[in-house]
Amino acid sequence: MVAVTAPRVRQNVQTLGVLWCVYGAYRLVIGLIGTFFLRAVAFRHFGGGWPFWGQSHLMGPVWPGAVVHLVMGLTIVSTALALLTGFALLTRQPWGRTLAIVAGILTLIRLPVGTALGIYTLWVLAPAASGAEYEEIAARG
């Protein structure tokens, strides 16, 4: 008796591509909200003095500005990675499977949404049979 496996990639690649695009938009919104909040806290736009930086200085501390730029840079990189992954899967690019696996592994640490998307991505694309199926789909078009 031969075991017949369901075409896992064929059934899930469209959904996976859409979810990666939605995740990219989600990361952008969350990153912008976090950046604006961090900037407001760091530069005392919420009113009153904050005990973290002492008295008001002419220039103020340098590190809050660096943290704001770091958060914004990470937001841009993670958004671009998610959108590129979604695009690659939706258009069935030959390199899309590899990019999605790498992005899925990197996204596993982003609880809970990133973890769920990372697990789903790896479940669909990581098995060797999925690799052969994805290559067949990408070759067709």
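Residues numbered from 1 in each chain as written. Predicted model: local features only at pLDDT ≥ 70, side-chain atom pairs only at ≥ 80, totals over all residues. Heavy atoms only, no water.

Describing the packing of aromatic side chains
This is how the line gets drawn: Whether two aromatic rings pair depends on their centres lying within 6.5 Å, for rings of Phe, Tyr and Trp, where Trp uses its six-membered ring; planes under 30 degrees apart make the pair stacked, over 60 edge-to-face, and the rest tilted. Numbered from the N terminus, helices here are DSSP runs of H or I no shorter than four residues, and strands are runs of E no shorter than two. When accessible area is computed with a 1.4 Å probe and restricted to protein chains, residues below 20% of their type maximum are described as buried, those above 50% as exposed, and intermediate ones as partly exposed. Comment: the charge-over-ring label is applied if NZ (Lys) or CZ (Arg) is within 6 Å of the ring centre and within 35 degrees of the ring normal.
Considering all chains together, one arrives at three aromatic pairs under this definition. Taken together, a centroid distance of 5.9 Å and an interplanar angle of 90 degrees make the contact between Trp20 and Tyr23 edge-to-face. Of this pair, Trp20 and Tyr23 both sit in helix α1 (residues 8-42), three residues apart, roughly one helical turn. For Trp20, a relative accessible area of 1% puts it in the buried group. Aromatic side chains Tyr120 and Trp123 sit 6.3 Å apart centroid to centroid with 20 degrees between the ring planes, which places their arrangement in the stacked category. On the criterion of helical spacing, the pair formed by Tyr120 and Trp123 is a turn pair, its members being three residues apart in helix α4 (residues 113-125). What makes Trp123 partly exposed here is its relative accessible area of 44%. Directly above the ring of Trp123 sits Arg8, whose terminal nitrogen or CZ lies 4.3 Å from the centroid.

A few points about the pattern of salt bridges
Inclusion rule: Each reported salt bridge corresponds to a side-chain nitrogen of Lys or Arg within 4 Å of a carboxyl oxygen of Asp or Glu.
The tally for this structure, following the rule as stated, stands at two salt bridges. Linking Glu136 and Arg10 is a salt bridge whose minimum nitrogen-to-oxygen distance equals 3.3 Å. With Glu136 in helix α5 (residues 128-140) and Arg10 in helix α1, this pair connects stretches of sequence that are 126 residues apart. For Glu136, a relative accessible area of 41% corresponds to the partly exposed category. Among the ionic pairs, Arg140 bridges to Glu136, the shortest N-O distance being 3.7 Å. Linking Arg140 with Glu136, this pair stays in helix α5, spanning four residues, or about one helical turn. Via salt bridges that share partners, Arg10, Glu136 and Arg140 belong to a single interconnected network.

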